[in-house]
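# Secondary and tertiary structure notes
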Amino acid sequence: MINAVLVFNNSGQPRLTKFYTQLPGPHLFRFADVSPKSLQDTTTQQSLLSQIFTLVSARPASACNFLPLPPLLSQHSTSNSTSSSSDYSDAPTQITYRHYATLYFILISTSTESPLALLDLIQVFVEALDRLFENVCELDLIFGFETLHAVLGEMVVGGVVVETGLERIVEGVRASEGGMKGKRRSVNEGAGMAARMEVGAGVGWRGVWVRAQAGR
Amino acid sequence: MFEKSLYDLIRGLRSHKGNESEYIQGILKECRTEVRSQDMDVKATALLKLIYLEMFGHEMSWASFHVLEVMSSNKHLQKRVGYLGAAQTFRSDTEVLMLATNLLKKDLSSASIPTMSLPLITLPHVITSSLALSLLTDILPRLSHSQPVVRKKTVVTLYRLALVYPETLRVAWPKIKERLMDADENSSVTAAVVNVVCELGWRRPQDFLPLAPRLFELLIEEGNNWMLIKIIKLFATLTPLEPRLVKKLVRPLTNLIQTTEAMSLLYECINGIIQGGIFSATENAGEGDELAALCLGKLRGMIVVENDPNLKYVALLAFNKIVVSYPALVSAQQDVIMKCLDDPDISIRMQALELVSGMVSTDNVASIVKRLMKQLRSSPINANELEDDGLDSTPIEPMADSDGEDPAEILIEDQRTSEMPPIPNDYRREVIARILDMCGQDKYSNIPDFEWYLEILVELIRLLPPRISSDTDLSNSAVESVPGTSLAERVGFQLRDIAVRVKDLRPEACRAAESLILISNRSALYPPVGSGADPVLGFVSWMVGEYSEYLVSPQETLNALIHDSSAALSPQILCSYLQAIPKVFLRIAAKASDGWSLSERAAISLLLARVVEFEETLSTHPNLDVQERAVEYLELFRLVTEALSSLQSDDRAPLLLTSVIPELFTGLELNPVAAGAQKKILPPEELDLANSINPRLSSLLQLSRTEEDAEFDDEAFQAFYNEREAAPPVKAQNLKASVPKVAEQLSYQAAEDPDISARRKAEKRERNRDDPFYIAQGNDDSGRSSPIDILRGSNGKDLDLDAIPIVDLRLDEIDIRAPGGQTEPSKQKRPKAKRRVEIAADENFDSEIPSSGNDSAPRSYEAGHAFPSGKPPRPRKNLLQVDSSGLHQLSLIDDANADRFNLQRREEEEAEMAAALKEVERMRLEMQRAAERVETAEGVDAEGTVVKRKKKRRPKGQTEDAQGGAAAEQPPEETAVVKKKKKKKKRSEEEAMRADT
């Protein structure tokens with residue numbers, strides 16, 4: 001299953017954080033001097049986010065889209081060298097990411113998910129956003145915070161993928177948005193957009209493995 | 001009053017560049033008041049802002065009650081904000097969750113699909129077992145909702161319910177199965193069910209075998225690729241249980257592999273074949289080889305043809321899975337894999353690295369290591385790399401966007417560029433560890449040429465990355481076989497290990513050690529930055545000491561050992577240094593004594609003075625170990641100094657220097673001993689430690705101690721000062737109590753008789769013969785001793801082996817018990833005529849006692865060297881890991897097998913549930929003043945199981961909820977009525993309460 005979906009920009013600013021499994025409480029941490037109150041989930045989330053950002057931002061664009069586990073997640077893991085056997089487990093073992101212009105889209109998942117399919121899932125996610133926002137850019141996601149969550153809610157429920165069909169996703173979000181249309185327009189006026197480039201055609205930004213899949 | 005919207009907040013953030021955190025604090029303060037507002041619009045807006053800020057690490061658990069309020073709003077968009085807040089911030093221990101039950105029930109039965117979806121997608125984030133229990137009956141009917149959108153979400157929500165409350169499946173599974181079996185079902189729903197079944201599948205594969213025909217049907221239909229992938233993954237877990245499946249699967253899978261255009265599907269087909277063990281299962285039919293060839297060919301194609309790093313990566317992943325069982329198949333692809341070792345992408349390299357270490361053999365080890373060494377050499381060590389300790393708790397503040405980046409930039413995936421990044425230290429560490437692993441495997445059985453490997457080891461030292469600050473970080477590196485052992489230690493260990501094990505290579509190893517110890521070589525042989533390689537010094541100093549006869553220049557070595565800078569080394573290394581110094585010194589002295597002359601004497605005196613000076617500085621070392629050794633050797637060296645200065649004639653070196661002290665260090669050769677060998681020594685049968693041997697022992701000891709001390713003064717010192725020939729008693733330790741008295745029962749009767757002291761003395765010698773700390777008097781040159789072994793007097797006596805209580809010690813017998821059954825690796829065929837070497841195996845006993853732990857695996861002759869006794873630490877629950885342990889006990893094959901659950905377990909469960917309900921009740925009462933009651937018996941369905949279960953539990957629930965219990969007793973129809981009534985009442989109560997607040 002998918003454990004978390006994260007989106008952040010090139011400077012590590014989060015744009016979306018969705019955790020499908022709960023983060024552990026403060027007892028996991030070795031710092032005794034920090035008051036437990038300050039070690040809430042949010043703190044763990046933030047450190048996880050910054051660890052992943054550190055990892056992901058260090059990667060050149062030519063690198064593959066799979067990240068090693070950050071220290072927080074690999075704390076006990078019996079190493080991917082020995083456990084790469086057929087055994088599944090509940091522990092997150094793979095981190096898949098894709099980088100679009102200013103944003104990183106990241107999926108943390110267990111081994112029951114197919115790595116290449118996850119890459120496609122991100123692709124579908126972005127395509128759906130693009131459909132809803134028309135030439136989506138980071139600003140859209142900042143201001144369209146709720147819509148962003150709604151799109152994800154149509155695709156993934158409780159860490160399990162429920163929909164990969166672009167049309168149905170968009171349809172579902174539109175149904176739940178109802179009268180939200182006007183909001184987004186005002187966002188764009190205020191932001192003073194520069195010329196938007198063409199995205200939709202986007203053949204170039206699809207990986208090879210997308211070919212037969214994304215549309216189905 | 002003017003309230004900011006989320007839009008205003010974000011705009012405000014962008015205009016407050018530089019003091020964002022201040023601005024945010026202001027916003028948070030505003031939100032705190034706004035969220036308490038009576039106006040639902042204001043409340044919802046404030047909540048949305050809080051949710052946005054929560055993403056940046058601003059805690060909002062304090063607002064959970066307000067989240068609940070917004071959730072109960074009548075407007076969908078506000079409700080959505082509330083549910084978003086719940087999904088993002090509620091945890092299973094959030095207390096207000098209990099108040100949400102009725103609201104969730106209501107929304108689940110809402111007529112509007114978007115509203116109904118909200119609880120469905122939020123529940124997985126907040127679900128608890130008690131919540132699952134009370135909501136199950138509301139969620140279940142949604143499985144047959146007219147809209148597929150609702151059905152597919154419900155399926156997944158039920159799965160998440162089952163994770164915390166396994167009983168869910170008992171009622172939900174038949175319905176979920178129905179969805180799967182229904183051929184007319186919407187494809188999205190089928191896919192969702194398959195996803196869920198795949199998640200459940202690996203936990204209890206046996207329960208899903210009955211589904212195989214339907215899944216197979218879906219596989220043949222070739223619908224959605226996403227679904228096919230999941231089906232294949234599911235089949236991979238089923239095939240080991242049902243071998244007949246393999247036969248059926250081979251054809252469609254082969255077909256898919258050959259025809260599909262989707263790389264992900266192709267890859268998962270291959271992956272499924274590997275994981276499901278289909279290679280081996282079909283081997284008889286001859287199809288297996290064909291299939292294997294096809295898969296490997298496709299994988300190879302993924303690496304070679306498609307120039308896509310992702311495909312390369314996953315192909316290597318697949319190879320890594322194959323290599324475990326079919327190393328030969330993978331070795332055939334060696335050429336492409338080797339190329340991946342030099343890939344610019346670190347992740348790919350890591351995978352390739354793992355792969356090559358799985359397929360290493362005598363033939364390819366040299367070329368693999370050569371490649372890796374080239375990588376290490378070509379990139380400078382990154383000294384400034386920050387070692388992130390993983391818990392960087394500085395919060396990320398939302399920032400105004402920097403100028404360089406245009407957030408309005410449309411999301412286009414990056415173009416791939418190709419620049420070569422510097423090697424990160426993590427990778428460097430991994431490479432070095434892998435080299436050590438590969439070469440050290442099975443006691444160096446892969447090494448074709450030890451001289452070459454020694455060179456590699458020496459070079460590795462120079463390439464070591466800086467030491468990691470904390471030891472815990474080492475866990476990152478998976479290949480650290482010994483936790484807490486640094487790479488430098490491992491390199492040093494192997495150097496020493498080779499010197500000990502491979503006798504033929506000892507001169508070379510020793511020379512390598514010598515070069516490493518020399519101060520003048522430090523800059524050339526050690527890494528330019530950091531002191532990460534220092535632990536090596538401890539090992540090499542032992543080597544130069546123990547095998548000092550091979551040193552090229554003992555003088556230089558000694559100079560390096562007693563160099564001023566040495567005193568600053570770590571205590572552990574210093575201890576080793578202190579042991580090596582006398583050994584090397586004696587080597588020099590022995591050489592000098594051959595042609596003893598005035599000049600030699602002067603040189604030795606000079607050297608001695610320097611050694612003494614060095615030891616003096618250490619005699620006040622804060623580390624007690626170091627201090628003790630320094631003081632002991634200092635005394636010894638002072639004795640030598642004295643002997644030298646009181647030397648009357650110059651024609652002969654003092655005996656103390658030429659024979660007495662050297663005997664401390666020479667003796668039996670040190671051999672590698674297996675870690676568990678000591679434990680296997682059987683105690684001799686006649687050994688009875690319970691009974692005292694002589695009841696009058698203590699008084700005798702008392703007596704003899706006083707006598708001995710007197711004697712010691714009289715004889716020993718007299719002897720030392722008057723007769724130079726005699727050995728100096730270093731310290732006659734009284735170890736009577738610990739000397740093994742097993743072999744020969746000593747008579748203490750003699751001590752009674754003061755007249756025959758001569759006899760007593762002889763006996764004392766006899767007693768001390770086995771005492772390693774006792775230096776026998778008047779022994780000749782042939783006496784052999786070793787620092788850790790038994791010093792033996794050499795009055796014509798041979799080694800008295802039967803004095804050692806062991807069963808079958810086979811000294812000097814080379815017997816390599818490599819796990820591979822290969823006895824002598826050096827006998828293997830080699831491309832070039834290499835020097836034949838023998839690798840000494842660990843000494844061990846073949847006793848019948850079952851050894852604890854794996855004593856053949858670790859190679860160690862040093863018991864203290866950190867080989868912890870086997871058991872790995874219990875794996876902790878990982879971050880983000882879902883706990884599904886409850887599912888393992890649940891069987892899905894219901895009804896027929898329901899009685900599998902014995903009564904006792906049920907009762908336990910019921911008691912547990914009753915306790916949980918009580919707790920829920922208590923919390924409720926605490927939080928709501930209004931007397932709401934738990935509905936124990938709500939939602940009695942047509943489903944027989946539910947009714948049965950509820951009834952069984954009721955007696956316990958009754959105590960806390962008489963009303964609910966009474967309701968349960970009524971027939972189903974009536975219950976529903978009661979329930980409705982109750983609900984109404986509850987709702988009104990809730991509203992009243994909200995008005996209060």
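Residues numbered from 1 in each chain as written. Chains lettered and ligands numbered in written order. Predicted model: local features only at pLDDT ≥ 70, side-chain atom pairs only at ≥ 80, totals over all residues. Heavy atoms only, no water.

### A short note on the overall build of chain A
Note the cut-off: Think of it this way: any DSSP run of H or I at least four residues long counts as a helix, any run of E at least two long counts as a strand, and we number them from the N terminus. The cut-offs for exposure are 20% and 50% of the maximum accessible area for each residue type, with area from a 1.4 Å probe on protein chains only; residues under the lower value are buried, those over the upper are exposed, and the others partly exposed. Contacts are assigned to residue pairs with any non-hydrogen atoms lying within 4.5 Å of each other.
Scanning chain A from terminus to terminus reveals seven helices and seven strands. Ordered by position in the sequence, the α and β elements of chain A form the string β-β-α-β-α-β-β-α-α-α-β-β-α-α. Across the 216 residues of chain A, 68% fall into the buried class. Sequence-distant contacts in chain A: of pairs separated by 6 or more residues, those separated by 24 or more amount to 60%.

### Remarks on the overall build of chain B
Basically, it comes down to this: Per-residue accessibility takes into account occlusion by the displayed protein chains alone, with areas from the Shrake-Rupley method and a 1.4 Å probe.
Secondary structure assignment for chain B yields 41 helices and zero strands. Burial status across chain B gives 52% buried among its 997 residues. Of the contacts made within chain B by residues no fewer than 6 positions apart, 72% connect residues no fewer than 24 positions apart. Counting every atom, chain B has about 45900 Å² of accessible surface; 52% of that belongs to carbon and sulfur.

### Some remarks on the packing of helix α5 (residues 76-89) of chain B against helix α7 (residues 113-126) of chain B
A pair of packed helices is characterised by two quantities: the angle between their axes and the separation of those axes. Residues and elements named next belong to chain B. We count it as follows: Throughout, an axis means a line fitted to C-alpha atoms (over the contacting stretch in the case of helices), and angles, computed between N-to-C directions, take values from 0 to 180 degrees. Each angle gets one of four labels, with under 35 degrees taken as roughly parallel, over 145 as roughly antiparallel, 65 to 115 as roughly perpendicular, and the rest as oblique.
Two elements in contact, α5 and α7, have axes separated by 9 Å at closest approach and are oriented at 10°. The angle between α5 and α7 falls in the class roughly parallel. Facing α5, whose interface residues are H76, K79, R80, Y83, A86 and A87, α7 presents P114, T115, L118, P119, T122, H125 and V126.

### Some thoughts on the packing of aromatic side chains
Note the following rule: By convention, a stacked pair of Phe, Tyr or Trp rings (six-membered ring in the case of Trp) has centres within 6.5 Å and planes under 30 degrees apart, an edge-to-face pair has planes over 60 apart, and any other such pair is tilted. In our convention, an over-ring charge means Lys NZ or Arg CZ found within 6 Å of a ring centre and within 35 degrees of that ring's normal.
Evaluated as defined, the whole model comprises 17 aromatic pairs over all chains. An angle of 55° between the planes, with centres 6.4 Å apart, marks the rings of Y444(B) and Y453(B) as tilted. Neither residue differs from the other here; Y444(B) and Y453(B) are each classed as buried. A connected cluster of aromatic rings, assembled from ring pairs, spans F8(A), F53(A), Y97(A) and Y104(A). Cation over ring: R496(B) sits above W542(B), and NZ or CZ is 5.9 Å from the ring centre.

### Considerations on the sheet that holds strand β5 (residues 103-109) of chain A
All names here are of chain A. Going by this rule: Paired strands, in this sense, are two strands between which DSSP finds at least two bridges.
Read across the open sheet, the five strands follow the order β2-β1-β5-β4-β3; overall the sheet is antiparallel. Unpaired on one side and paired on the other, β2 (14-19) and β3 (66-67) mark the two borders of the sheet. Here two bridges tie β3 to strand β4 (residues 94-100), and the two strands are oriented antiparallel to one another. Note that in β4 the partner of L67 across the bridge is I95.

### Overview of the pairing of strand β1 (residues 2-9) of chain A
All names here are of chain A. The buried fraction of β1 amounts to eight of the eight residues, a majority that puts the element mostly inside the structure. Pairing of β1 with β5 involves seven bridges; the strand directions are antiparallel. In the sheet register, F8 faces β5, and the bridge partner there is Y104.

### Digging into the pairing of β5(A)
Residue and element names in this part refer to chain A. Counting buried positions over the seven residues of β5 gives seven, a clear majority of the element. Residues L103, F105, L107 and S109 of β5 are buried on one face, and the alternating residues Y104, I106 and I108, pointing to the opposite face, are buried as well. Two strands pair when backbone bridges link them, and β4 and β5 are joined in this way by seven bridges, in the antiparallel orientation. Across the sheet, residue Y97 finds its bridge partner in β5, namely I106.

### Overview of the environment of I461(B)
Inspection of the secondary structure puts I461(B) in helix α24 (residues 450-463). Discounting chain neighbours no more than four positions away, the residues touching I461(B) are V491(B), L495(B), L516(B), L525(B), Y526(B), P527(B), A533(B) and V536(B).

### Details of the confidence of the model for chain A
Residues and elements named next belong to chain A. Rules: Each residue carries a pLDDT value, the predictor's own confidence for that position, ranging from 0 to 100.
For chain A, mean pLDDT is 72; residues scoring 70 or higher make up 66% of the total. In the model, residues 76-86 has pLDDT below 50 throughout and makes 16 contacts with residues more than four positions away in sequence or in other chains. Segment residues 181-216 is flagged for pLDDT under 50; beyond a separation of four residues in sequence, or across chains, it makes 83 contacts in the model.

### Quick notes on the pattern of salt bridges
All names here are of chain B. Condition: A side-chain nitrogen of Lys or Arg and a carboxyl oxygen of Asp or Glu constitute a salt bridge if their distance falls within 4 Å.
The tally for this structure, following the rule as stated, stands at 34 salt bridges over all chains. One salt bridge in this structure joins E217 and R214, with 3.0 Å as the shortest N-O distance. Separated by three residues within a single helix, E217 and R214 lie in helix α12 (residues 212-221), roughly one turn from each other. Taking relative accessible area as the criterion, E217 reaches 41% and is therefore assigned partly exposed.

### Some details on unusual backbone geometry
Although it is not a glycine, N135(A) sits at a positive phi angle of roughly 55°. On the secondary structure map, N135(A) appears in the loop between α3 (115-133) and α4 (138-143). The phi dihedral of Y444(B) is positive, around 65°, even though this residue is not glycine.

### What to know about the packing of helix α29 (residues 554-561) of chain B against helix α31 (residues 598-618) of chain B
Residue and element names in this part refer to chain B. Quick note on the threshold: Handedness of a crossing is defined here by the sense of rotation of the near helix relative to the far one, left-handed for an anticlockwise turn of less than a right angle and right-handed for a clockwise turn. Classification used: nonpolar for Ala, Val, Leu, Ile, Met, Phe, Trp, Tyr, Cys and Pro, charged for Asp, Glu, Lys and Arg, polar for all others including Gly.
For the pair α29 and α31, the least separation of the axes is 10 Å and the interaxial angle reads 25°. Here α29 is positioned roughly parallel relative to α31, judged by the angle of their axes. For the pair α29 and α31, the crossing hand works out as left-handed. Two secondary-structure elements touch here, α29 through Q555, L558, N559 and L561 and α31 through L607, R610, V611 and F614. Grouping the constituent residues of the contact of α29 with α31 by class yields five nonpolar, two polar and one charged.

### Description of helix α13 (residues 225-238) of chain B
All names here are of chain B. The condition is simple: Expected helix span is taken as 1.5 Å per residue step, with the number of steps being one fewer than the number of residues. Polar contacts, as counted here, are pairs of nitrogen or oxygen atoms within 3.5 Å of one another; within protein the pair requires one atom able to donate a hydrogen and one able to accept it, and residues that are adjacent in sequence qualify only if both atoms are side-chain atoms.
With 14 residues, α13 should reach 20 Å at 1.5 Å per residue; the first-to-last C-alpha distance of 20 Å fits that figure. For α13, the tally of buried residues reaches 14 of 14 residues, placing the bulk of the element in the interior. The N-cap of α13, judged by a side-chain oxygen 2.8 Å from the amide nitrogen of W226 a few residues on, is N224.

### A short note on the environment of A86(B)
All names here are of chain B. Tracing the sequence through the fold places A86 in helix α5. Here A86 falls in the buried class, since its relative accessible area comes to 1%. For the pair A86 and H125, spaced 39 residues apart in sequence, the C-alpha to C-alpha distance is 8.0 Å. In contact with A86, other than residues within four places in its own chain, are V67, M71, T122 and V126.

### Examining the side chain of E69(B)
All names here are of chain B. Note that E69 resides in helix α4 (residues 64-71). Under the relative-accessibility criterion, E69 is labelled buried at 8%. Within the structure, E69 has its side chain in polar contact with the side chain of K43 (distance 2.6 Å).

### Considering the confidence of the model for chain B
All names here are of chain B. Confidence in the prediction for chain B averages 72 pLDDT; 65% of positions are at 70 or higher. Under a pLDDT of 50 for its full length, residues 848-876 has, in the predicted model, 47 contacts with residues more than four places off or in other chains. Contacts for the low-pLDDT stretch residues 894-901, under 50 throughout, to residues beyond four places or in other chains number ten contacts. Across the predicted assembly, pTM comes out at 0.66 and ipTM at 0.82.

### What about the environment of L152(A)?
All names here are of chain A. Within the secondary structure, L152 is located in helix α5 (residues 145-155). Between the C-alpha atoms of L152 and K18, which are 134 residues apart in sequence, the distance is 9.0 Å. In contact with L152, not counting residues within four places along its chain, are V5, L16, K18, Y20 and F125.

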